[in-house]
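So you can see what is in the structure, the chains are spelled out below.
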Amino acid sequence: MNASNTDFVLAVENLTVSFDGFKAVDDLTLYVDEGEIRVIIGPNGAGKTTVLDLICGRTRSTQGSIRFRNRELTKMSESAIVQSGVGRKFQTPSVYTDLTIFENLEISYPRGRNVFGSLFFKRDETVIRKCEEVAEMILLKDQLHESAGLLSHGQKQWLEIGMLLIQDPELLMLDEPVAGMSVTERQETAKLLRRISENRSVIVIEHDMQFVAEIADKVTVLHQGKILTEGAIDKVKNDPKVIEVYLGH
Ligand SMILES: Nc1ncnc2c1ncn2[C@@H]1O[C@H](COP(=O)(O)OP(=O)(O)OP(=O)(O)O)[C@@H](O)[C@H]1O
Ligand SMILES: [Mg+2]
């Protein structure tokens with residue numbers, strides 16, 4: 001197929017950020033397709049988290065462009081980027097442990113969208129249904145009215161993913177989502193991400209190569225702010241350069 005660059009959900013081109021002359025991300029170009037799960041791997045300090053910081057507007061680039069659905073994100077505020085459909089989960093879960101699962105999901109529902117023209121009752125029904133639907137997806141439907149403080153670390157990570165899903169992002173970015181999870185939770189998370197990517201694109205940063213192999217459509221290897229290689233997991237994991245700087249350690 002002859003896809004032009006405008007066919008991608010996300011087009012990052014020549015992206016660079018310098019911190020006092022040190023280029024944490026250096027002339028990075030990457031394209032993410034619709035419904036794709038892209039995994040970014042690489043050694044500590046490679047610039048992985050910084051790439052997500054740049055996409056979500058938390059860090060401003062020194063050079064380059066980030067187009068999401070053909071909107072230039074480098075000029076938009078962090079909240080405008082969220083509203084345009086980019087959701088981002090940070091490394092540590094930040095759910096409200098004094099609220100129930102339902103309440104955590106409910107407060108994340110984007111209220112602004114339907115304020116005008118819909119009846120209060122109808123809106124509430126919509127919110128309740130959406131919370132139930134998301135809770136089912138993140139495997140917490142049975143605990144809907146229990147305190148989030150009772151959840152395991154892994155379940156808290158799922159809840160936080162749910163709090164993003166309720167906003168229906170077209171692009172979801174997750175920084176090390178299975179860190180600290182049990183083997184079973186990792187397997188469930190892989191399935192969850194597969195379901196999530198049925199109608200959105202996902203970017204995941206991850207170190208667990210078994211998990212990466214389970215979820216990745218394509219892997220990008222970062223090293224010193226640059227792409228070392230990119231492609232299918234089998235190609236990437238056998239690449240001598242990747243073994244040298246990352247997998248061999
Ligand atoms: N705001 C900042 N100011 C100065 N330096 C920064 C800033 N953010 C990141 N860096 C530096 O940029 C480099 C890349 O950091 P980043 O957190 O993106 O790495 P990473 O690939 O996510 O690593 P890890 O696997 O350890 O999470 C590091 O050397 C870091 O110290
Ligand atoms: Mg990081």
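Let me begin by describing the structure that accompanies this report. The shown structure was predicted, so the numbers you read here are calculated from the model rather than taken from an experiment. (Residues numbered from 1 in each chain as written. Chains lettered and ligands numbered in written order. Predicted model: local features only at pLDDT ≥ 70, side-chain atom pairs only at ≥ 80, totals over all residues. Heavy atoms only, no water.)

**Section: helix α5 (residues 153–165)**
Put simply, the rule reads: Strands here mean DSSP runs of E at least two residues long; helices mean DSSP runs of H or I at least four residues long; both are numbered from the N terminus. Expected span of a helix: the number of residues minus one, times 1.5 Å. Only protein chains enter the area calculation, which uses a 1.4 Å probe; residues under 20% of their type maximum are buried, those over 50% are exposed, and those in between are partly exposed.
Relative to the 18 Å expected for 13 residues at 1.5 Å per residue, α5 spans 19 Å between its end C-alpha atoms, a close match to the ideal helical length. With 11 of 13 residues buried, α5 is to be regarded as a mostly interior element. For α5, every residue scored as buried is listed here: G154, Q155, Q157, W158, L159, E160, I161, G162, M163, L164 and L165.

**Details of the packing of α5 against helix α6 (residues 183–196)**
For any two helices packed against each other, one specifies the crossing angle of their axes together with the interaxial distance. Cut-off, in case you're wondering: Angles here are taken between N-to-C directions and fall from 0 to 180 degrees, while the axes themselves are lines fitted to C-alpha atoms, restricted in helices to the stretch in contact. Geometric relationships in this document are graded by angle, where less than 35 degrees denotes roughly parallel, more than 145 denotes roughly antiparallel, 65 to 115 denotes roughly perpendicular, and other angles denote oblique. The contact definition used throughout considers only heavy atoms, calling two residues in contact when any of these lie within 4.5 Å. Throughout, the ten residues Ala, Val, Leu, Ile, Met, Phe, Trp, Tyr, Cys and Pro are labelled nonpolar, Asp, Glu, Lys and Arg are labelled charged, and all others, Gly among them, are labelled polar.
At a closest axis distance of 11 Å, the pairing of α5 and α6 adopts a crossing angle of 10 degrees. By the angle between their axes, α5 is roughly parallel relative to α6. Contacts between α5 and α6 involve G154, Q155, W158, I161 and L165 on the former and, on the latter, E185, E188, T189, L192 and I196. Among the residues forming the contact of α5 with α6, the class breakdown is 5 nonpolar, 3 polar and 2 charged.

**Concerning the pairing of strand β1 (residues 10–19)**
Here is the rule we go by: Two strands are said to pair when DSSP picks up at least two bridges between them.
Most of β1 is tucked away: 7 of the 10 residues are buried. As paired elements, β1 and strand β2 (residues 22–32) share 7 bridges and run antiparallel to each other. Residue pairing across strands places A11 opposite Y31, the latter belonging to β2. With antiparallel pairing between neighbouring strands as the criterion, β1 and β2 make up a hairpin whose turn holds 2 residues, including D20 at a positive phi of roughly 50 degrees. Pairing analysis gives 5 bridges linking β1 to strand β4 (residues 63–68), with the strands arranged antiparallel. If you follow A11 over to β4, its bridge partner there is R67.

**Some points on the pattern of salt bridges**
How we decide: We define a salt bridge as a side-chain nitrogen of Lys or Arg found within 4 Å of a carboxyl oxygen belonging to Asp or Glu.
Applying the stated rule across the entire model yields 19 salt bridges. The partner of E34 in a salt bridge is R69, and the shortest N-O contact between them spans 3.4 Å. Placement of E34 in the loop between β2 and β3 (37–41) and of R69 in the loop between β4 and β5 (71–72) is noted, with a sequence separation of 35 residues between them. We classify R69 as partly exposed; its relative accessible area is 34%.

**Considering the side chain of S108**
The cut-off we apply is this: Polar contacts, as counted here, are pairs of nitrogen or oxygen atoms within 3.5 Å of one another; within protein the pair requires one atom able to donate a hydrogen and one able to accept it, and residues that are adjacent in sequence qualify only if both atoms are side-chain atoms.
With respect to the element layout, S108 can be found in helix α3 (residues 101–108). A relative accessible area of 11% means that S108 is categorised as buried. Polar contacts involving the side chain of S108 include one to the main-chain carbonyl oxygen of N104, which spans 2.9 Å. Dropping the residues within four chain positions of it, S108 is found in contact with M163, I166 and Q167.

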